[in-house]
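Here is what each chain is made of, one letter per residue.
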Amino acid sequence: MSDRPLILLSNDDGVHAEGLRALAAALSTIGDLHVVAPEHEQSASSHRITLAWPLRHRELGNDFHAVDGTPADCVYIALNREGLLPRRPDVVVSGINHGFNLGMDVIYSGTVAAAREAALRGLRAIAFSADPKADFQAVAEHAITLVRRMLALPPSALLMNVNYPRATPLGVLATRLGRRDYHDVVEARTDPRGRDYYWIGGPALEHDASEGADTAAIERGYVSVTPLALGMTNEAQIGLAAHLSGQGSQATLPGK
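Residues numbered from 1 in each chain as written. Predicted model: local features only at pLDDT ≥ 70, side-chain atom pairs only at ≥ 80, totals over all residues. Heavy atoms only, no water.

Caption draft 1: Fine view of unusual backbone geometry. Each neighbour pair has its own omega, and for glycine 95 with isoleucine 96 the value is -5°, a cis peptide bond. Checked against the element boundaries, isoleucine 96 lands in strand 5 (residues 91-98). Positive phi is not limited to glycine here, since serine 46 has a value of about 55°. As for its position among the elements, serine 46 is in the loop between strand 2 (32-38) and strand 3 (57-61). Judged by its relative accessible area of 23%, serine 46 falls in the partly exposed class. Within the chain, asparagine 62 stands out as a residue other than glycine whose phi angle is a positive 60°. By the secondary structure assignment, asparagine 62 is in the loop between strand 3 and strand 4 (64-67). (Helix = DSSP H or I, 4+ residues; strand = E, 2+ residues; numbered from the N terminus. Buried < 20%, exposed > 50% of the residue type's maximum accessible area, 1.4 Å probe, protein only.)

Here it is in structure tokens:
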């Protein structure tokens, strides 16, 4: 068995995306690399798992695999299909996404979801995103430094979200999620058969420029490294939940 770390790589732009290929080439220099990525682009697929129809898998050679599902599907299959990986990965990497995943983008991001799926299963995981006009080769070369540092940490559930600016970074900053406001639009059109269809979404308008935000770091030309929590309970509102649930009162369930 190889004594090099086993690295699982996925993304949401698809198995043939430039960012994934650049990152794969870089990561293969520091570990045994296996790629399990979507057959087609799955941007903004969030953490959807496919349960309503079967998934297809193709081996592309050189430990590259394509799955016709979401990024979360890909990591789920890689970790649970017996024999697809030679052993449990030492780290799971996702990206390089063609575009930022800043602020609440992480809710919608398939790139982040691939890494989150791994972290939920107790693995170290890191998601990389970059300005679509960034030099992906340069980003990938820098990314392996962060992956090496993550591999040096004790094995545990860990989720990091990393973003790269377009130009050569001025440095790297530890950040929190900022706020990224979009111009929300729904554009209605009609197809040749007279049926309505819609394009949704619009460009980002404003970024949180406050100190420590990932959005501010990118605007200033830095790489942002943001730790993401896996637990979603809002502890500050437990009291409100108790009030709504009727604890301490005579409230009962309907029909009782």
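What follows picks up the thread again.
Caption draft 2: Expanded view of the pairing of strand 11 (residues 196-200). In terms of burial, strand 11 is largely open, as just 0 of its 5 residues are buried. In this sheet, strand 11 lies alongside strand 10 (residues 186-190) in antiparallel orientation, the contact comprising 5 bridges. Bridge assignment links threonine 190 to a residue of strand 11, and that residue is aspartate 196. In textbook terms, the turn of a hairpin is the stretch between consecutive antiparallel strands, and for strand 10 and strand 11 this stretch comprises 5 residues, one of which, glycine 194, has a positive phi near 85°. (Pairing = 2+ DSSP bridges.)

Caption draft 3: Molecular detail of the sheet that holds strand 8 (residues 172-174). Read from one edge to the other, the open sheet built from 9 strands follows the order 3-4-2-1-5-6-7-13-8, with strand pairing classed as mixed. The open sheet has two free edges, formed respectively by strand 3 and strand 8, since each of these has just one partner strand. Going across the sheet, the axis of each strand differs from the next one's by a mean of 20°, ignoring polarity. Examined bridge by bridge, strand 1 (residues 6-10) and strand 2 share 4 bridges and lie parallel to one another. (Axes fitted to C-alpha atoms, helices over the stretch in contact; angles between N-to-C directions.)

Caption draft 4: Structural detail: the pattern of salt bridges. Scanning the entire structure with this criterion turns up 8 salt bridges. Measuring nitrogen to oxygen at the nearest pair gives 2.5 Å for the salt bridge that ties arginine 58 to glutamate 39. Here arginine 58, found in strand 3, pairs with glutamate 39, found in the loop between strand 2 and strand 3; they are 19 residues apart in sequence, far enough to count as distant. Accessibility expressed as a relative area gives 17% for glutamate 39, which makes it buried. In this structure, the salt-bridge partner of aspartate 131 is arginine 166, at a minimum N-O distance of 3.3 Å. You can see aspartate 131 sitting in the loop between strand 6 (124-130) and helix 5 (136-151) and its partner arginine 166 sitting in the loop between strand 7 (158-164) and strand 8, a full 35 residues away along the chain. Look at arginine 166 and you get partly exposed, because its relative accessible area is 49%. (Salt bridge = Lys/Arg side-chain N within 4 Å of Asp/Glu carboxyl O.)

Caption draft 5: Focus on the packing of helix 1 (residues 18-27) against helix 5. Contact geometry of helix 1 with helix 5 gives a least axis separation of 8 Å together with a crossing angle of 50°. Relative to helix 5, helix 1 is oriented oblique. The two elements helix 1 and helix 5 meet at a crossing, and its hand is right-handed. Mapping the contact onto sequence places Glu18, Gly19, Ala22, Leu23, Ala26 and Leu27 in helix 1 and Phe136, Gln137, Ala140, Glu141, Ala143, Ile144 and Val147 in helix 5. (Parallel < 35°, antiparallel > 145°, perpendicular 65-115°, else oblique. Left-handed = near helix turned anticlockwise from the far one by under 90°. Contact = heavy atoms within 4.5 Å.)

Caption draft 6: Spotlight on the environment of proline 154. Take proline 154: it is sitting in the loop between helix 5 and strand 7. The sequence separation of proline 154 and arginine 124 amounts to 30 residues, and the corresponding C-alpha distance is 9.0 Å.

Caption draft 7: Up close: the nonpolar core. Counting 36 residues, the largest nonpolar core has Leu27, Val93 and Phe128 as the members making the most contacts within it. Here this core takes 8 residues from helix 5, the largest share from any one element. Residues Val36, Val92, Ala125 and Leu228 belong to the second largest nonpolar core, which totals 21 residues. (Core = buried A, V, L, I, M, F, W, Y, C linked by side-chain atoms within 4.5 Å.)

Caption draft 8: Focus on helix 2 (residues 71-80). Where burial is concerned, most of helix 2 is hidden: 7 out of the 10 residues are buried. Residues of helix 2 that are buried include every one of Pro71, Ala72, Asp73, Cys74, Val75, Ile77 and Ala78, and no others. Where helix 2 is buried, its residues meet strand 1, strand 2, strand 4 and helix 4 (110-119).

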